[in-house]
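Structural features, examined
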Amino acid sequence: MELYKKYRPADWDDVVGNSAVVKSLRDKIEKGTLPHFIVFAGLPGTGKTTVARLIGRIYKALGLLSKGHVVEVNRSHLVAEFVGQTAPKTSAVIDSAMYGILFIDEAYMLTSEGRGGFGLEALETLLSRMDGCRGRMVVIVAGYPEKMEHFLRANPGLSRRFPVENRFAFPD
């Protein structure tokens, strides 16, 4: 029996309009090359969050994540208002996602200019923790396609941790 059929949630095929994304993820499951750092690029309402939740359930079923829960955040959940508060705030969010999925919607907002540069601090905290959490947490960053390309170029560590083969485009 194919692995993806054995461990897929019943509603896997209900991800309408994303057959290329689903096929690519199924292929990765079959090959045993399941990514832990993933980029979802697409417009709002294209199924990014839904697929993230499905990945959590599949990774849990496969024994790759003990909880498989999804912690959905955006910039406001990671960035504090005052100097010295962003790194602990970001670390707390990362800790809450341990053994599950950290889904950062509109991740490109972490690299936006202004706002005290605290978004970059959150990003640096995330990057420093990602390698230590490999195998214990999946990080999915999501947002508009063009803005996610800019995001991935904002820091050399991003393109290394989110390689091209782990980037998925969600059609309109």
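These notes cover the structure that comes with them. (Residues numbered from 1 in each chain as written. Predicted model: local features only at pLDDT ≥ 70, side-chain atom pairs only at ≥ 80, totals over all residues. Heavy atoms only, no water.)

**Overview of the nonpolar core**
Membership of the largest hydrophobic core comes to 30 residues, with the highest contact counts inside it found for Leu-78, Leu-102, Ile-104, Met-137, Val-141, Phe-151 and Phe-162. For this core, the secondary-structure elements that each account for two or more residues are β1 (37–41), β2 (70–73), α5 (86–97), β3 (101–105), α6 (118–133), β4 (138–143) and α7 (145–153). If you tally residues by element for this core, the top one is α6, at 7 residues. When residues no more than four places from it in sequence are discounted, the contact partners of Leu-78 are Val-73, Thr-86, Lys-89, Thr-90, Val-93, Ile-104, Leu-110 and Ala-122. Of all hydrophobic cores here, the second largest spans 19 residues; its members include Leu-25, Ile-38, Leu-65 and Ile-140. (Core = buried A, V, L, I, M, F, W, Y, C linked by side-chain atoms within 4.5 Å. Buried < 20%, exposed > 50% of the residue type's maximum accessible area, 1.4 Å probe, protein only. Helix = DSSP H or I, 4+ residues; strand = E, 2+ residues; numbered from the N terminus. Contact = heavy atoms within 4.5 Å.)

**As for the layout of surface pockets**
Here the largest pocket is characterised by a volume of approximately 160 Å³. Lining the largest pocket are Gly-42, Leu-43, Pro-44, Gly-45, Gly-47, Lys-48, Thr-49, Thr-50, Asp-105, Glu-106, Gly-143 and Tyr-144. Sort the elements by how many residues they give to the lining of the largest pocket and helix α3 (residues 48–61) lands first, with 3 residues. (1 Å grid on protein atoms, 1.4 Å probe; cavity = no way out; pocket = protein on both sides within 12 Å on 5 of 7 lines; lining within 4 Å. Points joined across faces, edges and corners; volume = space filled by probe spheres on them.)

**Digging into the pattern of salt bridges**
One pass over the full model with this rule turns up 5 salt bridges. Note that Glu-72 and Arg-53 form a salt bridge whose closest N and O atoms lie 2.8 Å from each other. In this pair, Glu-72 sits in strand β2 while Arg-53 sits in helix α3, placing the two residues 19 residues apart along the sequence. Look at Glu-72 and you get partly exposed, because its relative accessible area is 37%. As a salt-bridge pair, Arg-129 and Asp-95 come within 2.6 Å of each other at their nearest N and O atoms. Taken together, the residues span a long stretch of sequence, with Arg-129 in helix α6 and Asp-95 in helix α5 at a distance of 34 residues. According to the relative accessible area criterion, Asp-95 is partly exposed, its value standing at 47%. (Salt bridge = Lys/Arg side-chain N within 4 Å of Asp/Glu carboxyl O.)

**Notes on the sheet that holds strand β5 (residues 167–169)**
What the 5 strands build is an open sheet, ordered β2-β3-β4-β1-β5; its pairing is parallel. Whereas interior strands pair on both sides, the edge strands pair on one side only; in this sheet they are β2 and β5. On average, adjacent strands in this sheet sit at an angle of 20° to one another, irrespective of strand direction. Sheet topology note: the β2/β3 ladder contains 4 bridges and is parallel. Of the residues in β3, the one forming a bridge with Val-73 is Ile-104. (Pairing = 2+ DSSP bridges. Axes fitted to C-alpha atoms, helices over the stretch in contact; angles between N-to-C directions.)

**With respect to the pairing of β4**
With 6 of 6 residues buried, β4 lies mostly within the body of the structure. Looking at chain direction, β1 and β4 are connected through 5 bridges and run parallel. By the bridge assignment for β4, Ala-41 is matched with Gly-143. The pairing of β3 with β4 spans 5 bridges and is parallel.

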